[in-house]
Amino acid sequence: MTFSARGLRRTLAPDAVPGAHALHTRIVAKIVDAVGAMKGPAAAASLRASGLEALHTVLDPLDVGPLRDRVLDCLREDLLRFAARIGRTVLGWHDDFYIDDYLILRVNFPYAVARAADGAAENPGIGRLSPSVRAAAAARRVRDPRYDPRGYHRNHPPAAWAHGPHVDSWTGHSKDGINVWWAISDVPADAGMVLYPSVTPTDVACDPRSLYVRSGYALPPPVFVPLAAGELLVFDPELLHGTHLNVSAQTRVAVSLRLNERRPAFDPDCFYAREFWRRASDVVAGRGTVLHLKREEHLAARASAPARPPAAAPTVTVTAGDDATAVALGPASLLAEGERFTAAMGDRRVLVLRTPSGVHAFDAACPHYGIDLSDGGAEGETLACPGCAVGFDVRTGGSSSPCLTLTTYPVREADGTLYLDLVP
Ligand code: FES
Ligand SMILES: [Fe+2]
C-alpha cells in the first residue's frame, strides 16, 4: 500500500505497519517502568491497572520532562527504525530518505489539571534530539523578537499550551515532510489533533507572533481525529492543523515522527529550523550519524503570498450610553442563517450569529486565550474556537469544559430590528 504524499491524511490500524504492535507495547511498558522508577511501584501498578489515560493521577506536570528523557533515550533507535519502515512500506519510498532526529513524546494532561501546573513544566509537544547533537542545537538557537508564545497563550503555564492552526513549515519544519502521529494512549476527539484539510498555506498567512494562522481568516469547522491506542495518523503537515485543547478527563499520549522523501528545505520566513536529520539507510544499518542541515544552506523558495487577504466578519459600531441596558443592532433581515457580525461598543466586542435556532450573541474573545471567535467555523448550534477547536454551544455559551464558558447576551427581535440586551 502506498500513498501520494501531498494532501495525504490517512488513519492506519496498528497492523498496517510491520512491528507496530510490538513497539507500541514496549513504549507503554517503558512509560510504566519510568513512572515506577520516578514515583515508586504503587504508582506503576496504578498506571498499569488504569491505563496511560490516568498518567496525570500519578505524575506531576513537572515530571513529564524527565519521563521524556527516560523513554526517548531508551527507544530512540527503535522509533527511528519504525519511521524507516513506514517510509518503505507505507509511503513506498524506495530510494534513501530522511528522518527527523527530533522525536516527540506528546503528553497532554487534561486542561483542568495542566492549567494549574508549575511554570517550569514542559510544553506537551516537546521532543528530544540525539544526545550527540544537543550541544550543537543549543548553539544554533535563535530568537525573533516578534515571536511571543507566552503572550499568545495568555500566560498559561507551558504544560497547558495547545497548538493553534498552523502548517509545519511555519514552525521550522521542512517544507515537504510527512508526519506520523501515533496514538500511544486512546485519543478522544476532544483531546486529539484537528485538521482543516481544505486549507493550504496559499489560503492563509502566518502570524509571526504565534507562528499560527493570522486572525481574520475564516476557518471551516475542524475535522476531529479520534484514535484508538496504537492507531497512526499519517498526514501532510502542510495542511492546516492544530491541537484540540485537551478538555477530556484523560491524559493523551502520542509519539510524533517526521519523514522527508527528499533533502529537507526550510521556509525562509521562519526564523529557525529543525536542522538535525538521519538518513533512513543509516538508521537501518545501525549507524548513529546525525546530519546537521544548516538552515541558511537549505532554504526553500519563498512561498507566494496567500491568494486572499484576511476577511474578518463585518464589524458594526454600536453606540451605547453608559446606562444603556439594550442597543439596536440593525435590521434583522440583514442577518441570514449562518451569517455573523461583530458589534463593537467601545472596548466591548460582541459576536452576533444566526443559527437554525435563532440569533445569538456572546463576547467575541474566547475565554481561553482570547482568540477572536468570529473566525471560527460553525455547524448547527456549535461554534468551534479558531484557536484550539473547543466547541461552544452558542445558545448557552457552554462547552465540554466546565473551565470554558462564553459570556452570552440575550438578543430580541422587535419590529424587524435586532436588539442586544447588555446585561449578560
Ligand atoms: S483559544 Fe483555546 S479554546 Fe479558544
Ligand atoms: Fe504541526
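This is a predicted model, so every value here is computed, not measured. (Residues numbered from 1 in each chain as written. Chains lettered and ligands numbered in written order. Predicted model: local features only at pLDDT ≥ 70, side-chain atom pairs only at ≥ 80, totals over all residues. Heavy atoms only, no water.)

**Section: the coordination of the iron ion (ligand 2)**
And then number 1: Distances from the iron ion (ligand 2) to its protein donors, His166 (NE2), Asp168 (OD) and His241 (NE2), fall at 2.1 to 2.2 Å.
And then number 2: If you list the donors of the iron ion (ligand 2) from N- to C-terminus, the spacing comes out as H-x1-D-x72-H. Taken as a pair, His166 and Asp168 share a single burial class, namely buried. (Donors = N, O, S within 2.8 Å, 3.2 Å for Na, K, Ca; no water. Buried < 20%, exposed > 50% of the residue type's maximum accessible area, 1.4 Å probe, protein only.)

**Observations regarding the pattern of salt bridges**
And then number 1: Applying the stated criterion across every chain, the model contains 24 salt bridges.
And then number 2: With its nearest N and O atoms 3.2 Å apart, the salt bridge here joins Arg278 to Asp101. Placement of Arg278 in strand S13 (residues 276-279) and of Asp101 in the loop between strand S2 (98-100) and strand S3 (103-108) is noted, with a sequence separation of 177 residues between them. By the burial criterion, Arg278 is buried, and Asp101 matches it.
And then number 3: Note that Arg395 and Asp393 form a salt bridge whose closest N and O atoms lie 2.8 Å from each other.
And then number 4: With relative accessibility at 47%, the residue Arg395 sits in the partly exposed group. (Salt bridge = Lys/Arg side-chain N within 4 Å of Asp/Glu carboxyl O. Helix = DSSP H or I, 4+ residues; strand = E, 2+ residues; numbered from the N terminus.)

**Structural notes on the packing of aromatic side chains**
And then number 1: Inspection of the entire model under this criterion finds 6 aromatic pairs.
And then number 2: Look at Tyr152 and Tyr212: their rings are 5.0 Å apart centre to centre, the planes differ by 70°, and that puts the pair in the edge-to-face class. In this pair, Tyr152 is assigned in helix H6 (residues 149-152) and Tyr212 in strand S8 (residues 212-213), connecting sequence segments 60 residues apart. Each member of the pair, Tyr152 as well as Tyr212, is classed as buried.
And then number 3: Aromatic rings pair up to connect Tyr147, Phe271 and Tyr272 into one cluster. (Phe/Tyr/Trp six-rings, centres within 6.5 Å; stacked < 30°, edge-to-face > 60°.)

**Let's talk about the domain arrangement of the chain**
When the parts of a complex come together, some accessible area is lost, and that lost area is often used as the size of the interface.
And then number 1: Considered domain by domain, the chain is made up of domain 1 (9-297) and domain 2 (315-421).
And then number 2: Taking the mean C-alpha position of each, domain 1 and domain 2 sit 35 Å from one another.
And then number 3: Facing the 29 residues of domain 1 at the interface are 20 residues of domain 2.
And then number 4: Here domain 1 packs against domain 2, burying approximately 1700 Å² in sum over the two surfaces, 61% of which is carbon and sulfur.
And then number 5: On the domain 1 side of the interface with domain 2, the three residues burying the most area are Tyr152, Pro221 and Val247, jointly 26% of the side's total.
And then number 6: For the side of domain 1 that touches domain 2, the secondary structure elements donating two or more residues are helix H4 (111-114) and strand S6 (193-196). (Domains from an automatic or database assignment. Contact = heavy atoms within 4.5 Å. Buried area = accessible area lost by both parts, 1.4 Å probe.)

**A few points about the nonpolar core**
And then number 1: Ile31, Leu55, Leu67, Leu79, Phe82, Trp182 and Leu373 are the most contacted members of the largest nonpolar core, which totals 74 residues.
And then number 2: Sorting elements by how many residues they give to this core places helix H3 (residues 64-90) first, with 12 residues.
And then number 3: Here this core spans two domains, and each of domain 1 (9-297) and domain 2 (315-421) adds at least three residues to it.
And then number 4: In this view, Leu55 contacts Ile31, Val35, Leu47, Leu67, Val107, Phe109, Thr251 and Val253; residues no more than four positions away in its chain are not counted.
And then number 5: Ranked by size, the runner-up nonpolar core spans 16 residues in total, among them Leu329, Val352, Val359 and Tyr409. (Core = buried A, V, L, I, M, F, W, Y, C linked by side-chain atoms within 4.5 Å.)

**Thoughts on the packing of helix H1 (residues 20-39) against helix H2 (residues 41-50)**
And then number 1: With their axes 6 Å apart at the nearest point, H1 and H2 run at an angle of 150° to one another. Relative to H2, the element H1 lies roughly antiparallel. Judged by the sense of rotation from one axis to the other, the crossing of H1 with H2 is right-handed. Residue-level inspection shows Val32, Asp33, Val35, Gly36 and Lys39 of H1 in contact with H2, the latter providing Pro41, Ala43, Ala44, Leu47 and Arg48.
And then number 2: Here the contact of H1 with H2 is built from residues that sort into 6 nonpolar, 1 polar and 3 charged. (Axes fitted to C-alpha atoms, helices over the stretch in contact; angles between N-to-C directions. Parallel < 35°, antiparallel > 145°, perpendicular 65-115°, else oblique. Left-handed = near helix turned anticlockwise from the far one by under 90°. Nonpolar A, V, L, I, M, F, W, Y, C, P; charged D, E, K, R; others polar.)

**Remarks on the sheet that holds strand S11 (residues 240-243)**
And then number 1: Taken in spatial order, the 3 strands make up an open sheet running S9-S6-S11, and their pairing is antiparallel. Every other strand in the sheet has two partners, leaving strand S9 (223-225) and S11 as the edge strands with one partner each. Strand-to-strand twist in this sheet, taken as the mean axis angle between neighbours without regard to direction, amounts to 25°.
And then number 2: As paired strands, S6 and S9 are joined by 3 bridges and run antiparallel to one another. Looking across to S9, one finds that Leu195 is bridged to Val223. (Pairing = 2+ DSSP bridges.)

**Here we look at the side chain of His24**
And then number 1: Inspection of the secondary structure assignment puts His24 in helix H1.
And then number 2: The exposure class assigned to His24 is buried, which follows from its relative accessible area of 13%.
And then number 3: If sequence neighbours within four positions are ignored, His24 has contacts with Trp182, Ala183, Ile184, Ala229 and Gly230.

**Some points on the side chain of Ser248**
And then number 1: With respect to the element layout, Ser248 can be found in the loop between S11 and strand S12 (252-260).
And then number 2: A polar side-chain atom of Ser248 sits 2.6 Å from a polar atom in the side chain of Asn246.
And then number 3: In terms of polar contacts, Ser248 uses its side chain to reach the backbone carbonyl oxygen of Gln250, at 3.2 Å. (Polar contact = N/O pair within 3.5 Å; in protein donor to acceptor, adjacent residues only side chain to side chain.)

**Regarding H3**
An α-helical turn contains 3.6 residues, so any two residues separated by three or four positions project in the same direction.
And then number 1: Between its first and last C-alpha, H3 extends only 31 Å over 27 residues, short of the 39 Å set by a 1.5 Å rise per residue.
And then number 2: Of all the bends in H3, the greatest, near 60°, is centred on Leu75.
And then number 3: Looking one or two residues past H3, Gly92 carries a phi angle of roughly 70°, positive in sign. (Expected span 1.5 Å × (residues − 1). Bend = angle between axes of the 7 residues up to and from the residue.)

**A closer look at unusual backbone geometry**
And then number 1: In this structure, Ala389 is a non-glycine residue whose phi angle is positive, near 70°.
And then number 2: Note that Ala389 resides in the loop between strand S21 (382-384) and strand S22 (391-393).
And then number 3: The phi angle at Asp415 is positive, at roughly 50°, despite the residue not being glycine.

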